[in-house]
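The residues making up each chain are set out below.
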Amino acid sequence: MIEQGRRELQRMRETPEAWRELRYEKGAAADGYDCDVNAVRRAQVLWALQYDRRAGDLALVRWLAEAEALCRREAPFQGLTEEAELAGFLLAEYRQVEDVWTQWELKRANFDTWCGYDIEHVVAAGVATTIDFVRDSEHPYREEVLDRLLGDDGQPECSEDDVVAWARRRRMVFPRDPAGESALTWVARARLAGADETARQWLDRWAAGRPRDRETVSRLRFELADLGAFAEAAAAQRELVAFGGTAWDRASAWLSLAELERKAGGHDAAWAALRECGRTLGDVSGWTEVGLGRTFVHELFLLAGEAGDDLAGAVFAEADRRAAVVPRLPLVALQAAAEAAGRAGHPERAGHYRRARDAEQRRIDEVMR
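Residues numbered from 1 in each chain as written. Predicted model: local features only at pLDDT ≥ 70, side-chain atom pairs only at ≥ 80, totals over all residues. Heavy atoms only, no water.

If you look at the biggest cluster of nonpolar residues, it comprises 55 residues, and the most contacted ones within it are Leu203, Leu274, Leu281, Phe296, Phe301 and Tyr353. Element by element, the count of residues in this core is highest for helix α14 (residues 247-264), at eight residues. (Core = buried A, V, L, I, M, F, W, Y, C linked by side-chain atoms within 4.5 Å. Buried < 20%, exposed > 50% of the residue type's maximum accessible area, 1.4 Å probe, protein only. Helix = DSSP H or I, 4+ residues; strand = E, 2+ residues; numbered from the N terminus.)

Below, the structure is given as C-alpha cells:
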C-alpha cells in the first residue's frame, strides 16, 4: 500500500495535471450505494504524504483536502473518515490562514464532521490571526465561522495554547514514520484498499500476545466480522458473553452472537443464542418498547428465513409469538417476517406481515413527502 502510494505521490508531484485523477467522482459501489470511485487512490497519496511531507506540496494538499470535503458532503452515510482528518491535519500543518475556508468546508460537510472534526483545524494558522482574517473578509462563510469561533462574550472559544497542544497530539496520531503507526491503522487502510488478506495479517499481529480483556476481544470481534470471518468473530463474541454485565449488556451480547452465528451458517448455535437472549430480556424492564427488543425479533425472523426445514418452523413460531408483544417493528423486520412465514409454510401469517409491511411503507412515504 505504501509503495503504491509513494509512486502515485511522485507522479502527482511531477504532473499536476494528474491531480484530477484524485478528485471526488460519484459512482456505484458493489452494494449499490453511491461511492467515490477515486477514494482509495486519494487515500494512498494522503498516506504517502503523511510520511513524506514537503513545503512544495501545499497546493496538492489543498486539492486533496477540498476533495475530501466534497466526498464527506456527498457520502450517503456521512461519517468522519481517517482520510478526511489526515487531509485536514496535513493542510493545518502549513499554517496558512487562507485555508480557513477549506477547513470550514471539512467541518461543515455533514453532521458527523460537525461534531467530530476538531475546530483547531480551522484556526491552525493562529486563533487571533484567523479571526482577524475572517472578520476582514467578504466570504460567504464569514458569519458562520465567526459564530463558531467566538463565544457569546465575543471571545475566542479556544486559545493559542489549545491549538499548540492539539497540533502536538495530532502529530502523535499521524506520525511521520510508518513504524509509529498502530497495527489497527494498517488493518483499516488495508480494508479500504481491498487487501483483506493483508488486513488479516495485521489484525493477527495486533492480537498476538495481547491480554484477552473485554476491550481486546471486543475490537477483535468487530474487526473479524468486518473481514467476513464470521465464525471466528462468533468465537470472540462468546468470550464477550462471558464477561457478563447488566441484563441489557448480556441480552445485547447474546443477540450479537446470534447474528454472527447465523452469518457463519451455524443456525443451531444462533438459535441457542437467541433463546438465551430471550430469557435474559425477561430481566430488562420495558424491553418490548426499545430498539433492542425490535432487533431481537428481527433477528428471529432472519434466522427463520435462513434455517433448514427442521429448524425454521420452531424459530418462526417463537418470532411470531414475540412479534405480537413488540410494537412498531421496522420495515426491514416486517419484510423478514413475511419471507420467514412463507419459508416456514404459514401463508396466512405471510399475508399478515405483508400487509403490515405495506402499511409501514405507506407511513414512511407519507412522512417523507
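Between its terminal C-alpha atoms helix α11 (residues 196-207) stretches 16 Å, which fits the 16 Å expected from 12 residues at 1.5 Å a residue. What α11 keeps buried is the set Ala199, Leu203, Trp206 and Ala207. Projected onto a plane normal to the axis of α11, the buried residues spread over an arc of 90° and lie on a single side. Turned more than 90 degrees off the buried face of α11, the exposed positions are Glu197 and Arg205. Tucked into the core, α11 has its buried residues touching α10 (183-192) and α12 (214-226). Immediately downstream of α11, the backbone of Gly209 shows phi near 80°, a positive value. (Expected span 1.5 Å × (residues − 1). Arc of directions from axis to C-beta. Contact = heavy atoms within 4.5 Å.)

Let us look at the environment of Ala167. Relative to the helices and strands, Ala167 is located in helix α9 (residues 160-173). We classify Ala167 as buried; its relative accessible area is 10%. Taking the C-alpha atoms as reference points, Ala167 and Arg343, separated by 176 residues in sequence, lie 58 Å from one another.

A word on helix α2 (residues 39-51). An α-helical segment advances 3.6 residues per turn. Residues three or four places apart therefore align on the same side. For α2, spanning 13 residues, the distance from its first C-alpha to its last is 19 Å, which sits close to the expected 18 Å at 1.5 Å a residue. Of all 13 residues that make up α2, 10 are buried, and the element is covered over most of its length. Among the residues of α2, those classed as buried are Arg42, Ala43, Gln44, Val45, Leu46, Trp47, Ala48, Leu49, Gln50 and Tyr51. In this fold, the buried residues of α2 make contact with α1 (2-14), β2 (34-36), α3 (58-74), α4 (82-92) and α10.

Okay, the pattern of salt bridges next. In this structure the tally under the stated criterion is 41 salt bridges. Between Arg189 and Glu82 there is a salt bridge, and its shortest N-O distance comes to 2.9 Å. Highlighted residues: Arg189 in helix α10 and Glu82 in helix α4, separated in sequence by 107 residues. Between Arg322 and Glu318 there is a salt bridge, with the nearest N and O atoms lying 2.8 Å from each other. Here the residue Arg322 and the residue Glu318 both occupy positions in helix α17 (residues 309-323), the gap between them amounting to four residues, near one helical turn. Overall, the relative accessible area of 14% leaves Arg322 in the buried class. What you see here is one network of salt bridges that share partners, running through Glu8, Arg11, Glu21 and Arg41. (Salt bridge = Lys/Arg side-chain N within 4 Å of Asp/Glu carboxyl O.)

This part covers unusual backbone geometry. With a phi close to 55°, Gln78 is a non-glycine residue in the positive phi region. The topology assignment puts Gln78 in the loop between α3 and α4. In this structure, Arg95 is a non-glycine residue whose phi angle is positive, near 55°. Mapped onto the fold, Arg95 is located in the loop between α4 and α5 (100-107). Of the residues examined, Arg95 reaches a relative accessible area of 48% and is grouped as partly exposed.

Along the chain, the position of Glu120 falls in the loop between α6 (111-116) and α7 (127-135). Here Glu120 sits buried without a salt bridge, and the closest side chain of opposite charge, Arg169, lies 4.9 Å off (N-O distance). (Lys, Arg positive; Asp, Glu negative; His and termini not counted.)

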